[in-house]
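Observations on the three-dimensional arrangement
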Amino acid sequence: MSTSRFPTADVSSLQDMLVEYLVGEARRLSEAEETNLVAVSLGAAIDAGTGRIVGASPLWGPTEPLDFDLYGRVVDALPACSWTIENDLTAAALGVAMRPEFAALRRLAVVAVGSGLAMRTIEPGSGRISMSKHSGLQGEIGHLPASFAFGEGGWSVRCPCGGFNHLSSFASGQGIAYLLKELGNAGCEWLARDPTPAQLSRAVRAANPEAREFLDAITDPLAQALLAVLAIDAEVERLVLVGGVVDGLGDAYMRSLLTNMSRHGLYGSRLKSPADFAEIVCQAPAHPSPMLFGAASAAWSLHGPEAGAYTRR
Ligand SMILES: [Zn+2]
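Definitions and limits used
- Residues numbered from 1 in each chain as written.
- Predicted model: local features only at pLDDT ≥ 70, side-chain atom pairs only at ≥ 80, totals over all residues.
- Heavy atoms only, no water.
- Buried < 20%, exposed > 50% of the residue type's maximum accessible area, 1.4 Å probe, protein only.
- Helix = DSSP H or I, 4+ residues; strand = E, 2+ residues; numbered from the N terminus.
- Pairing = 2+ DSSP bridges.
- 1 Å grid on protein atoms, 1.4 Å probe; cavity = no way out; pocket = protein on both sides within 12 Å on 5 of 7 lines; lining within 4 Å.
- Points joined across faces, edges and corners; volume = space filled by probe spheres on them.
- Core = buried A, V, L, I, M, F, W, Y, C linked by side-chain atoms within 4.5 Å.
- Contact = heavy atoms within 4.5 Å.
- Donors = N, O, S within 2.8 Å, 3.2 Å for Na, K, Ca; no water.
- Tetrahedral: all angles 85-135°; square planar, octahedral: opposite > 155°, others 65-115°.
- Axes fitted to C-alpha atoms, helices over the stretch in contact; angles between N-to-C directions.
- Parallel < 35°, antiparallel > 145°, perpendicular 65-115°, else oblique.
- Nonpolar A, V, L, I, M, F, W, Y, C, P; charged D, E, K, R; others polar.
- Polar contact = N/O pair within 3.5 Å; in protein donor to acceptor, adjacent residues only side chain to side chain.
- Salt bridge = Lys/Arg side-chain N within 4 Å of Asp/Glu carboxyl O.

1. Remarks on the pairing of strand β1 (residues 37-42)
Only one face of β1 is covered, namely the face carrying V38, V40 and L42; the face carrying L37, A39 and S41 is uncovered. As paired strands, β1 and strand β4 (residues 82-87) are joined by six bridges and run parallel to one another. Bridged to L37 within β4 is S82.

Put into structure tokens, the structure is as follows:
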């Protein structure tokens, strides 16, 4: 249902395909599992006020601002099911905040580094996720200006949203895949004619110094963004990373990110060394998926037997 999978399909066709896929899966699973509760975690910017999709560049590439009522479409197509559609970051925040080790925190931020890149803060005690009055969104850090230097110097790279030199241009899965392709075209040896994230992961694991240097270059803009989060919001007590890029590169990714955070430093903070930053910046376990777990818990709280006992906005 994405531009990368169906490059010739227009956005409206991709949206139709998404509706068809979700309705088909909901039919199949609701019969198999004997439930009418359907929870969807979707990698698209969803206006929390209207529930409509306003942007989805990782799925549908650069578009004008969207106003797509996915919820309305699936409810019309399959009204027998009780649908809950959450942005994947909101779902991940709900899933992560339910972990007992985070229960006493004032606020935590979940940072997803997958095909896209975004962040969501949540207050675990109440489940409150604040949203902007102006956009119904929160934490779209992937489209903030950023810079990237590797090899000969700075790069200018188009972001999946259509802009240039955004954090996602360099640090998201799609951004990293593009940078690797460019390095492959330039004959980069450690990519061994396989300029893919899988080869990056292999080369990093084999401690190839240039691959490690590239890893440090792609974690650097994110390190700077996370330091800004900590500097601006004093109540963020933990930054929890999720998503395919973090899972794929694992410990080496976290070490590189923490080292860059320590290298830049946080003015006046007691957090100095990578080990200090490791106390507040961590990776969430990939299983169970915090996104699916969070979306399911949202569906349960909205439509389950105790619906209404818990509100989060
Ligand atoms: Zn962008």
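Following the structure, the description resumes.
2. Topic: the layout of surface pockets
Estimates place the volume of the largest pocket at around 860 Å³. G43, A44, P58, D88 and G116 are the residues nearest the centre of the largest pocket, which is lined by 33 residues in total. When contributions to the lining of the largest pocket are tallied by element, the ones reaching two or more residues are β3 (53-55), α2 (57-60), α4 (88-97), β6 (117-122) and α11 (290-303). Per-element accounting of the lining of the largest pocket gives the leading share, three residues, to α2.

3. With respect to the nonpolar core
With 51 residues, the main nonpolar core has W190, F214, L222, L239, L241, Y253 and M261 as its most contacted residues. Here this core takes 12 residues from helix α8 (residues 209-232), the largest share from any one element. Setting aside its immediate chain neighbours within four residues, L222 contacts V111, V113, L117, L167, A171, L241, Y253 and L257. Ranked by size, the runner-up nonpolar core spans 23 residues in total, among them L42, W60, C81 and I85.

4. Description of the coordination of the zinc ion
Donor atoms from the polypeptide that bind the zinc ion are H143 (ND1), C159 (SG), C161 (SG) and H166 (ND1), placed at 2.0 to 2.3 Å. Taken together, the four donor atoms coordinating the zinc ion span angles of 99 to 123° at the metal, a pattern that classifies the geometry as tetrahedral. The exposure class assigned to C161 is partly exposed, which follows from its relative accessible area of 27%.

5. Considerations on the packing of α4 against α11
Between α4 and α11, the shortest axis-to-axis distance is 6 Å and the interhelical angle comes to 85°. Accordingly, the angle class assigned to the pair α4 and α11 is roughly perpendicular. Contact residues: D88, A91, A92, L94, G95 and V96 in α4; P290, M291, F293, G294, A295, S297 and A298 in α11. In the contact of α4 with α11, the residues fall into nine nonpolar, three polar and one charged.

6. A look at α4
Of all 10 residues in α4, 10 are buried, a share of seventy percent or more. Restricting attention to buried positions, one finds in α4 the residues D88, L89, T90, A91, A92, A93, L94, G95, V96 and A97. Those residues of α4 that are buried are in contact with β1, β4, β5 (107-113), β6, β9 (236-242) and α11. Two or three places before L89, at the start of α4, stands the capping residue N87, its side-chain oxygen 2.6 Å from that residue's backbone nitrogen.

7. Description of the pattern of salt bridges
By the definition in use, this model includes 13 salt bridges. One salt bridge in this structure joins E237 and R106, with 3.0 Å as the shortest N-O distance. Of this pair, E237 sits in strand β9 while R106 sits in the loop between α4 and β5, and the two are 131 residues apart along the sequence. Classification of E237 as partly exposed rests on a relative accessible area of 26%. A network of salt bridges, in which partner residues are shared, links R106, R107, E123, R128, D233, E235 and E237.

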